[in-house]
Amino acid sequence: MDVSFLGGPQPQRGVGVVAPFDFALDRELWRWVPDEVSLHLTRTPFVPVEVSLDLARLVSEHETLHEAVRALTAVAPEVVAYACTSGSFVGGVAGERAMCAAMTQAGELPSLTTSGALLEALREIGARRIAVVTPYTRSVTDSLEEYLGEAGMTVTGRAYLGLTRHIWKVPYRDVVDMARQAVVGATDALFISCTNLPTYDVIPQLEAELRMPVLSANQVTMWAALKAIGAQAIGPYQALLDPLARSGPAGMSVPPMGGPLPVTDQVVGSVIGAVESVESVVEEPEAALAGAAPPGADGEPADGLDPGFGTGVGEGPYLDDSGGPSPV
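Small disclaimer: the values here were computed from a predicted structure and weren't measured.

Asks: So what about the overall build of the protein chain? Which residues, and what values?
Replies: When you go through the protein chain residue by residue, the secondary structure sums to 11 helices and 8 strands. Every one of the 328 residues in the protein chain was classed for burial, and the buried ones make up 54%. Long-range pairs, those at least 24 residues apart, make up 73% of the contacts in the protein chain between residues at least 6 apart in sequence. Counting only carbon and sulfur atoms, one obtains 53% of the accessible surface of the protein chain, whose full area is about 14,200 Å².

Rendered as structure tokens:
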């Protein structure tokens, strides 16, 4: 059969992605990417360290980034994104900028990080008062709050799981439970941190329920990377991706001085299909997941124990914005 009339594959545009060695959500990144764009992923070298501030520093060393970006240049991406939230906020705003500069120098092409993309996304939607959800330990969550504060943002509430491994196994229902706890008072938007935490299908559900934009680490990374090459991220009813979802007669509007985001009946109706779609694809959590380990004296999981994942807000070391155990 002669298939010469097909003319071969269409030209592809490339986005290079540097991810930590334990990154497990390649497929989730692809869900935001249009057909004409390809992702080229590479990973940082393995180090025998659990998720912590130490690991964040190790996977974001400039020498490590230099080697990863040099490897990606072989396939000629148009932009390189460092897909790790903690690795890009652990050094503060100046550290994030230095990482971008190091990657740009290594590959001679535009570069960005997840934490830098987060700040860009918050500016895009006009949000300054942020609720934060993380799978991290207390110390890593504190570091994220410090990064946001340095950038002029206020964290209005937060919740975290205290995990040090296997973050990609956290079920959607735990993410939703944390979100409901973290959003308190006058909040402009919710941010779900960690590129290894699944979020794609839960964003429309949370935006409809909480009536505010919901950002996630993988979402802002892909949004910023695609924007850098003149492409547009795709996704079902996500306020960051669709201006109509946050402005105009059928959308949300961020109040200029902060506060709850109003949603009209038309908005709720427009997302009902997306929410039903989410509910139809969310799988039951793995039955084998164990209960969360008790934290140590410093708020971190006790040494030598696997933190586990729990089945809901009552079983994990969730904390409120005061840093103390929240009543559940």
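Asks: Please provide a residue-by-residue account of the pairing of strand β7 (residues 189-192), values included.
Replies: Covered by surrounding structure in β7 are Ala189 and Phe191 together with Leu190 and Ile192, the residues of both alternating faces. Summarising the sheet, strand β5 (residues 129-134) and β7 pair through 4 bridges and their orientation is parallel. From the neighbouring strand, Ile130 faces β7, where its bridge partner is Ala189. Examined bridge by bridge, β7 and strand β8 (residues 214-216) share 3 bridges and lie parallel to one another. Bridging across to β8, Ile192 finds its partner in Ser216.

Asks: Describe the pattern of salt bridges, with residues and values.
Replies: Using the criterion set out here, one finds 11 salt bridges in the structure. For Glu78, the salt bridge goes to Arg13, with nearest N and O atoms at 2.8 Å. Residue Glu78 is located in the loop between α3 (62-72) and β3 (79-82), and its partner Arg13 is located in strand β1 (residues 13-19); the two are separated by 65 residues in the primary sequence. On the basis of relative accessible area, Glu78 is assigned to the partly exposed category, the value being 33%.

Asks: For the sheet that holds strand β6 (residues 154-160), give the residues involved together with the corresponding values.
Replies: A sheet is described by the order of its strands in space; here 4 strands give the open sequence β6-β5-β7-β8, paired in parallel fashion. The sheet is open, and its two edges are formed by β6 and β8, each paired on a single side. Taking the axes of each pair of neighbouring strands and ignoring which way they run, one obtains an average angle of 20 degrees across the sheet.

Asks: Report on helix α6 (residues 114-125), specifying residues and quantitative values.
Replies: Between the first and last C-alpha of α6 there are 16 Å, a value that for 12 residues agrees with the 16 Å anticipated at 1.5 Å per step. In terms of burial, α6 is largely enclosed, as 9 of its 12 residues are buried. Downstream of α6 by a residue or two, Gly126 has a phi angle that is positive, lying close to 70 degrees.

Asks: Help me get a handle on a nonpolar patch on the surface, residues and values and all.
Replies: The grouping of Met1, Val3, Phe5 and Leu6 at the surface amounts to a nonpolar patch, some 550 Å² of accessible area in total. Checked against the element boundaries, Leu6 lands in the segment before β1. The class for Leu6 is exposed, based on a relative accessible area of 56%.

Asks: Give me the lowdown on the pairing of β5, citing residues and values where you can.
Replies: Within β5, 5 of the 6 residues are buried, leaving the element largely enclosed by the surrounding structure. Regarding topology, helix α7 (residues 138-150) serves as the crossover connection from β5 to the parallel β6, and that connection is right-handed.

Asks: Please provide a residue-by-residue account of helix α5 (residues 92-107), values included.
Replies: It helps to recall that an α-helix has 3.6 residues per turn; residues three or four apart then point in one direction. If you check α5, its first and last C-alpha atoms are 23 Å apart, about what 16 residues at 1.5 Å a residue would give, namely 22 Å. Burial in α5 covers these residues: Gly92, Val93, Glu96, Met99, Cys100, Ala102, Met103, Ala106 and Gly107. Lining the buried residues of α5 we find α3, β3, α4 (85-89), β4 (111-113), α6 and α7. After α5 finishes, the residue Glu108 shows a positive phi value of roughly 55 degrees.

Asks: If you had to explain unusual backbone geometry to someone new, which residues and values would you point to?
Replies: In the Ramachandran plot, Cys194 falls in the positive-phi region, its phi being about 90 degrees despite a non-glycine side chain. Considering the arrangement of structural elements, one finds Cys194 in the loop between β7 and α9 (202-210). With relative accessibility at 9%, the residue Cys194 sits in the buried group.

Asks: Give a detailed account of the packing of α6 against helix α10 (residues 217-228), specifying residues and quantitative values.
Replies: At a minimum axis separation of 8 Å, α6 and α10 run at an interaxial angle of 80 degrees. Compared by their axis directions, α6 and α10 come out roughly perpendicular. From α6, Thr114, Ala117, Leu118, Glu120, Ala121 and Glu124 reach across to α10, where they touch Ala217, Val220, Thr221, Trp223, Ala224 and Lys227. Within the contact of α6 with α10, the residues separate by chemical class into 7 nonpolar, 2 polar and 3 charged.

Cut-offs and rules
Residues numbered from 1 in each chain as written. Predicted model: local features only at pLDDT ≥ 70, side-chain atom pairs only at ≥ 80, totals over all residues. Heavy atoms only, no water. Helix = DSSP H or I, 4+ residues; strand = E, 2+ residues; numbered from the N terminus. Buried < 20%, exposed > 50% of the residue type's maximum accessible area, 1.4 Å probe, protein only. Contact = heavy atoms within 4.5 Å. Areas by Shrake-Rupley, 256 points an atom, 1.4 Å probe, with all protein chains shown as cover. Pairing = 2+ DSSP bridges. Salt bridge = Lys/Arg side-chain N within 4 Å of Asp/Glu carboxyl O. Axes fitted to C-alpha atoms, helices over the stretch in contact; angles between N-to-C directions. Expected span 1.5 Å × (residues − 1). Patch = residues over 30% accessible without salt bridge, like charges linked within 9 Å, V, L, I, M, F, W, Y side chains within 5 Å. Right-handed = clockwise from strand over helix to strand, strands pointing away. Parallel < 35°, antiparallel > 145°, perpendicular 65-115°, else oblique. Nonpolar A, V, L, I, M, F, W, Y, C, P; charged D, E, K, R; others polar.

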